[in-house]
Amino acid sequence: MAHKRLAGLTAGTVIAAAALLPQLAHASTDMNAAAGRATASGHAHGGYRTVVIYRVPTRHPRTDAERLADSGFDLLEKRQGNNLFVSGDTSTATGLRRLGFSPAVATTLTEAIPSSTAAPHAVGDTYDGGYHTVSAQYSHMDDTASQHPDLAKVVTYGQSWLKQQGHGGRDLKAICITKIQAGDCALSPNSTKPRFFLMSQIHARELTTGEMSWRWIDALTSGYGKDSAITQLMDTTEMWVVPDANPDGVDMVAAGGDNPVLQRKNADDAHGSQCGVSAYSQIGVDLNRNAGTHWGASGTSDASCDQTYGGPARDSEVENTALENLFRELFPAVRTGTGDTDPAPSTAKGMMITLHSDASMVLFPWEYDATVHTGNDTALRALAAHMASLTGYQYGQAGEILYNASGGTDDWTYDKLGLASFTIEIGDSDGAGCDGFTPAYSCQDSYFWPKIEPALLYAAQHAAAPYTTTSAAHH
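Here the residue numbering is sequential within each chain, running from 1 through the sequence in written order. Restriction of local features to residues with pLDDT of at least 70 applies here, the model being predicted, together with a cutoff of 80 or more for giving and counting side-chain atom pairs; totals for whole chains, interfaces and linings are based on all residues. To get the side-chain values, take all heavy atoms of the structure and skip hydrogens and water.

### Observations concerning the overall build of the protein
Condition: Counting from the N terminus, the helices are the DSSP runs of H or I reaching at least four residues and the strands are the DSSP runs of E reaching at least two. Any residue under 20% of the maximum accessible area for its type is buried, any over 50% is exposed, and the rest in between are partly exposed; the area is computed with a 1.4 Å probe on protein chains only. To measure how exposed things are, a 1.4 Å probe is used in the Shrake-Rupley method; for residues, cover is taken only from the protein chains shown.
Regarding its fold elements, the protein presents 13 helices and 14 strands. Scored against the burial criterion, the 475 residues of the protein give a buried share of 62%. Of the roughly 15,700 Å² of accessible surface on the protein, a fraction of 49% belongs to carbon and sulfur atoms.

Put into structure tokens, the structure is as follows:
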């Protein structure tokens, strides 16, 4: 996930209302300095910071990725052969060399950072050229349900960490989209229709993911009665969408305006309020390392300021427990075995996709360990292969083509429910100039959506019987 811009976030900032003022911290941790990671002082100059993306050649990508993550480096979700990628500043190379690596500069960017004395950025409906704020996403869901009461229903399924603490924050919201009949969109796992679940921005700084959810909502509602494939899908399947799984984090990102704050984690600073200012040292818990399955096993950190900090305990974060409760209300737990190779039954219904960026990959369980295959590996691999053919992406278990990472959403939904689950890492696989966390907003319609829409449609069409898919040609 190569950075396009970088904005800093203060440690221990009091967060209020819907947006957070990103400020510069005046102290950095000794651990940051020892590791050679970017610190608050870094090489910032006159309101800008130099960001260096390093190509890190490795002999053993899986184990070396874990070493990098354990050491607190901002390991990007990007891999080319045996090369991994780390984001930092000019001092980061020293820390990498101390670990025995030979980093090479892939690219250098000079990025704006917010002033410590600036007034809070006015956050409206959009930022950074058109990306939608949480307020806009929520209004969009409400407007969709109001304009299409026969097609959509909004559900509040919990509260964010900040809201539970009484510091502003957000409700957690989902939308159900289908041609509503009696009993549809109910919070019951015994639904008549199969369900397809899409979620995005659990990593707040991955802006493209939320935009794909926005467009999916519109494609379903505007296409009903006009597009035969969408009409058939809407008549037979419930589509559930959570556009902002980490709304506090997205509010932090949007507070940077045209220089989005690259906040990955949620806003929970109870376990590390003295973190640094950079994208390499932040408050919060990585929600995609916090889920209660194989928690802490790989690709995660126990240092609270690190990007992959998995939290003080499995499922410690309210955003995750609320989401997991929603999953349990929507999908029956059909994988009754507890062993990693115990399959879900071939008759299981439902599918889940969580969107990330920007590795250009389709991933599936197990993500915690690529040497262990699920009991439904053949079907999951076949579905992933076809989605990869539609997008031009690679596919495989995370450790096969990226690196192992435990405590993720898709591992949890498969483990606890037997739900066919995938991560789509949206990326620029064609050199279209649309890579990174914050590509030009025009990339959303001109490049990403034409790739992602067919993959989502294909996945939703297979929610009725995902485990009967046995080859990439099945569609």
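### A word on the packing of aromatic side chains
To keep it simple, the criterion reads: To pair, rings of Phe, Tyr and Trp, with the six-membered ring standing in for Trp, must have centres within 6.5 Å; the planes then decide the type, stacked if under 30 degrees apart, edge-to-face if over 60, and tilted in the middle.
What the rule picks out here adds up to eight aromatic pairs. Through successive ring pairs, a cluster of aromatic residues spans Tyr127, Tyr131 and Tyr441.

### Considerations on the nonpolar core
Soluble globular proteins: nonpolar side chains tend toward being buried together. So the rule is basically this: Put simply, buried Ala, Val, Leu, Ile, Met, Phe, Trp, Tyr and Cys residues joined by side-chain atoms within 4.5 Å make one nonpolar core. Contacts are assigned to residue pairs that have any heavy atoms within 4.5 Å of one another.
Within the largest apolar cluster, 64 residues are counted, with the highest numbers of intra-cluster contacts made by Phe196, Trp216, Met239, Ile353, Met387, Phe422 and Ile424. A per-element tally of this core places helix H13 (residues 443–461) first, with 11 residues. The contact partners of Ile424, leaving out residues within four places of it in the chain, are Ile353, Thr354, Leu355, His356, Met361, Val362, Met387, Tyr393 and Ile452. Ala174, Leu287, Phe327 and Phe331 belong to the second largest nonpolar core, which has 24 residues in total.

### Side note on the confidence of the model for the protein
Condition: How sure the predictor is of each residue is captured by pLDDT, a score from 0 to 100.
Looking at the protein, pLDDT values average 86 and 84% of them are 70 or higher. Note that residues 1–46 has pLDDT below 50 and, in this model, 173 contacts with residues that lie over four places away or in other chains. Note that residues 114–122 has pLDDT below 50 and, in this model, 13 contacts with residues that lie over four places away or in other chains.

### Here's the deal with the side chain of Ser298
In plain terms, the rule: Here a polar contact means two N or O atoms within 3.5 Å. Within protein one must be a hydrogen donor candidate and the other an acceptor candidate, and residues neighboring in sequence count only if both atoms are side-chain atoms.
The residue Ser298 is located in the loop between helix H8 (247–254) and helix H9 (318–330) in this model. A residue is classified by how much of its surface remains accessible, and Ser298, at 4% relative accessible area, is buried. Side-chain polar atoms of Ser298 contact the backbone oxygen of Tyr368, separated by 2.8 Å. Ser298 has contacts with Glu66, Tyr368, Asn404, Ala405 and Ser406, leaving out every residue within four places of it along the chain.

### A word on the side chain of Asp358
Condition: Asp and Glu are treated as the negative residues and Lys and Arg as the positive ones, with His and the ends of the chain left uncounted. Any carboxyl oxygen of Asp or Glu that lies within 4 Å of a side-chain nitrogen of Lys or Arg is treated as forming a salt bridge with it.
Looking at the element boundaries, Asp358 is found in the loop between strand E11 (351–357) and strand E12 (361–364). Buried charge without a partner: Asp358 forms no salt bridge, and the closest opposite charge is Lys78, 4.8 Å away. There is a polar contact of 2.4 Å between the side chain of Asp358 and the backbone nitrogen of Gly436.

### Some remarks on the pattern of salt bridges
Tallying each qualifying case throughout the model produces 17 salt bridges. Ionic pairing is found between Lys163 and Asp171, a salt bridge with its closest N-O pair at 2.9 Å. In this structure Asp171 comes out as partly exposed when scored by relative accessible area, which is 24%. Across the pair Asp445 and Arg215 runs a salt bridge whose closest N-O atoms are separated by 2.8 Å. Within this pair, whereas Asp445 is found in helix H13, its partner Arg215 is found in helix H6 (residues 207–223), the two being separated by 230 residues in sequence.

### Describing the pairing of strand E8 (residues 171–177)
Side chains on a regular strand alternate between the two faces of the sheet. Just so we agree on the cut-off: Should DSSP find at least two bridges between two strands, the strands are regarded as paired.
In terms of burial, E8 is a largely internal element, six of the seven residues being buried. By the bridge criterion, seven bridges tie strand E7 (residues 152–159) to E8 in an arrangement that is antiparallel. Paired with Val155 across the two strands is Ala174, which belongs to E8. As defined by bridge partners, E8 adjoins strand E10 (residues 238–242) across three bridges and the pair is classed as antiparallel. Looking at E10, one finds that Cys176 is bridged to Trp240.

### A short note on the environment of Ala267
You can see Ala267 is positioned in the loop between H8 and H9. For Ala267, a relative accessible area of 1% puts it in the buried group. Remark: the alpha-carbon pair of Ala267 and Ile283, spanning 16 residues in sequence, is separated by 6.5 Å.

### A closer look at the packing of helix H4 (residues 134–147) against H6
Helices that pack against each other are described as a pair by the angle of their axes relative to one another and the distance between those axes. Worth spelling out the cut-off: Convention adopted: a line fitted to C-alpha atoms gives each axis, helices being fitted over their contacting stretch, and angles between N-to-C directions are expressed from 0 to 180 degrees. Roughly parallel refers to an angle under 35 degrees, roughly antiparallel to one over 145, roughly perpendicular to one between 65 and 115, and oblique to any angle outside these ranges. Residue polarity is assigned by list, with Asp, Glu, Lys and Arg as charged and Ala, Val, Leu, Ile, Met, Phe, Trp, Tyr, Cys and Pro as nonpolar; anything else, Gly included, falls into the polar class.
In contact at an axis separation of 11 Å, H4 and H6 are set at 10° when each is read in the N-to-C sense. By the angle between their directions, the pair H4 and H6 is classed as roughly parallel. When H4 is examined against H6, the residues Ala136, Gln137, His140, Met141 and Thr144 are found in contact with a partner set consisting of Gly210, Glu211, Trp214, Ile217, Asp218 and Thr221. For the contact of H4 with H6, the per-class residue count stands at four nonpolar, five polar and two charged.

### Topic: the packing of helix H10 (residues 377–391) against H13
Quick note on the threshold: The hand of a helix crossing depends on one turn: near helix anticlockwise from the far one by less than a right angle means left-handed, and clockwise means right-handed.
At a minimum axis distance of 8 Å, the contact between H10 and H13 shows a crossing angle of 155°. When the axis of H10 is compared with that of H13, the two are roughly antiparallel. Between H10 and H13 lies a crossing whose hand is right-handed. Judged by residue contacts, Leu383, His386, Met387, Leu390 and Thr391 of H10 engage Lys451, Ile452, Pro454, Ala455, Tyr458 and Ala459 from H13.

### Some details on the sheet that holds E8
If you walk across this open sheet you meet the eight strands as E7-E8-E10-E9-E11-E14-E12-E13, and the pairing is mixed. Sheet topology places E7 and strand E13 (394–397) at the edges, where each strand pairs with a single neighbour. Looking at each pair of strands side by side, their axes are set apart by 20° on average, direction ignored. Contacting strand E9 (195–199), E11, E12 and strand E14 (420–426), helix H12 (residues 409–417) runs over the sheet at an angle of about 170° to E14. Contacts from H13 reach E9, E10, E11 and E14 within the one sheet, and its direction differs from that of E9 by about 150°.

### Quick word on H6
So the rule is basically this: The span you would expect from a helix comes to 1.5 Å times its residue count less one.
End to end, H6 covers 25 Å across 17 residues, agreeing with the expected 24 Å (1.5 Å per residue, within 8%). Most of H6 sits out of view: 15 of its 17 residues are buried. Phi turns positive, to about 85°, at Gly225, one or two residues after H6.

### Thoughts on the state of the cysteines
The following threshold applies: By convention in this document, the label disulfide applies to cysteine sulfur atom pairs within 2.5 Å.
As enumerated under the stated definition, the model contains three disulfides in all. Covalently, Cys176 is tied to Cys185 through a disulfide, its sulfur atoms 2.1 Å apart. Because the sign of the S-S torsion sets the handedness, a value of about -70° for the bond joining Cys176 and Cys185 places this disulfide among the left-handed ones. Of the residues examined, Cys176 reaches a relative accessible area of 0% and is grouped as buried. Residue class for Cys185 comes out buried when judged on its relative accessible area of 1%.

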